[in-house]
Amino acid sequence: MLLRIGEKIINRQKVNQIIDEMFNLRSQGFSQQEVANRVGIDRTVISKLETLGEVRKGGKVALVGFPIENCEELRLMARQEGIDYSFLLSEQERWDFVQKKSGIGLFNTIMEIIATLRNYDIVIILGSNLRIKLMETLLDKEVIGIQIGESPIAENKYVDPESIKSIVQQLFRS
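Residues numbered from 1 in each chain as written. Predicted model: local features only at pLDDT ≥ 70, side-chain atom pairs only at ≥ 80, totals over all residues. Heavy atoms only, no water.

Identification of the chain as HTH cro/C1-type domain-containing protein from Pelosinus fermentans JBW45 is taken from an unreviewed UniProt entry.

Here is the structure:
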């Protein structure tokens, strides 16, 4: 995709390819300077990009998701991997959650959940594209969105616990 900025035409695909290559090399253990020499950019650009995308390690992590087919399996994985808070609902649990509360009760509960999530450094959300965007807007924390379908999702979705475990392990890596 080309983008015009003043007199310049920018190839965004080329920029993304260079950034992908840069992060791949860094994750393989190459120093910032070695990567800078290989891809032909200044080392400080690499430093700035890493700082921009950095997710803090060792912080408090929450896992939120719905509608999830394998809630118990994910809750067990979350406990085993040190996730501090999980709020996972199947489609039926989601409807029960909504229908068993009065309007003000539902509103207050949702506000309490949002307030709770704001106490976490990182929130992993398993949900639709729209739910992920909403959480990113509501929380001023790092949100890692894992899209399990397009909105609206009306049936339970299976989420591979190993894929979530891998993300969590990367977050906690020292």
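Following the structure, the description resumes.
Novice: How should the UniProt feature "domain: HTH cro/C1-type" (unreviewed entry) in the chain be read in this particular structure?
Specialist: This chain's UniProt record puts "domain: HTH cro/C1-type" (unreviewed entry) on residues 27-51. Between the C-alpha atoms that bound residues 27-51 there is a distance of 15 Å. The span itself is 72% helix and 0% strand. (UniProt positions renumbered as here; feature names shortened; annotations may be inferred. Helix = DSSP H or I, 4+ residues; strand = E, 2+ residues; numbered from the N terminus.)

Novice: How should the packing of helix 1 (residues 12-27) against helix 2 (residues 32-39) be read in this particular structure?
Specialist: Orientation of helix 1 relative to helix 2, taken along the N-to-C sense of each, is 145°, at an axis distance of 10 Å. Considering only the axes of helix 1 and helix 2, their crossing is right-handed. Residue-level contacts link I18, E21, M22, L25 and R26 of helix 1 to Q32, V35, R38 and V39 of helix 2. Here the residues of the contact of helix 1 with helix 2 are counted per class, giving 5 nonpolar, 1 polar and 3 charged. (Axes fitted to C-alpha atoms, helices over the stretch in contact; angles between N-to-C directions. Left-handed = near helix turned anticlockwise from the far one by under 90°. Contact = heavy atoms within 4.5 Å. Nonpolar A, V, L, I, M, F, W, Y, C, P; charged D, E, K, R; others polar.)

Novice: I tried to follow helix 4 (residues 71-80) on my own but got confused; where do I start?
Specialist: Because each turn of an α-helix spans 3.6 residues, side chains separated by three or four positions end up pointing in the same direction. When we look at burial in helix 4, the residues that qualify are C71, L74, R75, M77 and A78. On an axial view of helix 4, the arc spanned by its buried residues comes to 165°, and they lie on one face. Seen from the open side of helix 4, the exposed residues pointing more than 90 degrees away from its buried face are E72, R79 and Q80. Taken together, the buried residues of helix 4 touch strand 3 (61-65), strand 4 (85-88), helix 5 (91-99), strand 5 (122-128) and helix 8 (161-172). In the segment just after helix 4, G82 is the residue with positive phi, at about 85°. (Buried < 20%, exposed > 50% of the residue type's maximum accessible area, 1.4 Å probe, protein only. Arc of directions from axis to C-beta.)

Novice: Where do I start with a nonpolar patch on the surface in this structure?
Specialist: Judged by side-chain polarity, I104, F107 and M111 come together as a nonpolar surface patch covering roughly 320 Å² of accessible area. Counting through the fold element by element, I104 comes out in helix 6 (residues 103-117). The class for I104 is exposed, based on a relative accessible area of 57%. (Patch = residues over 30% accessible without salt bridge, like charges linked within 9 Å, V, L, I, M, F, W, Y side chains within 5 Å. Areas by Shrake-Rupley, 256 points an atom, 1.4 Å probe, with all protein chains shown as cover. Salt bridge = Lys/Arg side-chain N within 4 Å of Asp/Glu carboxyl O.)

Novice: What am I meant to see in the domain arrangement of the chain here?
Specialist: It is common to give the size of an interface as the accessible area lost on bringing the parts into contact. Considered domain by domain, the chain is made up of domain 1 (2-53) and domain 2 (61-172). Of note, the centres of domain 1 and domain 2, computed from C-alpha atoms alone, are 32 Å apart. (Domains from an automatic or database assignment.)

Novice: Looking at this structure, how should I read unusual backbone geometry?
Specialist: Negative phi is the rule for most residues except glycine; trans is the rule for most peptide bonds. Cis geometry is adopted by the peptide bond preceding P67, which originates at F66 and carries an omega value of -10°. Tracing the chain through its elements places P67 in the loop between strand 3 and helix 4. Here the amide bond leading from S151 into P152 is cis, since omega sits at 0°, within 30 degrees of zero. By the element assignment, P152 lies in the loop between strand 6 (142-149) and helix 8.

Novice: Explain the sheet that holds strand 5 to me, please; I cannot follow it from the model alone.
Specialist: Sheet strands line up and pair through hydrogen bonds in the backbone, either parallel or antiparallel. On the basis of which strands lie adjacent, the open sheet formed by 4 strands has the order 4-3-5-6 and parallel pairing. What marks the edges here is a single partner per strand, and that holds for strand 4 and strand 6. The mean angle between the axes of side-by-side strands here comes to 10°, regardless of whether they run parallel or antiparallel. As defined by bridge partners, strand 3 adjoins strand 4 across 4 bridges and the pair is classed as parallel. Looking across to strand 4, one finds that G65 is bridged to L88. Helix-sheet contacts for helix 4 involve strand 3, strand 4 and strand 5, and the interaxial angle to strand 4 is about 175°. Those strands touched by helix 8 are strand 3, strand 5 and strand 6, and its axis lies near 160° from that of strand 5. (Pairing = 2+ DSSP bridges.)

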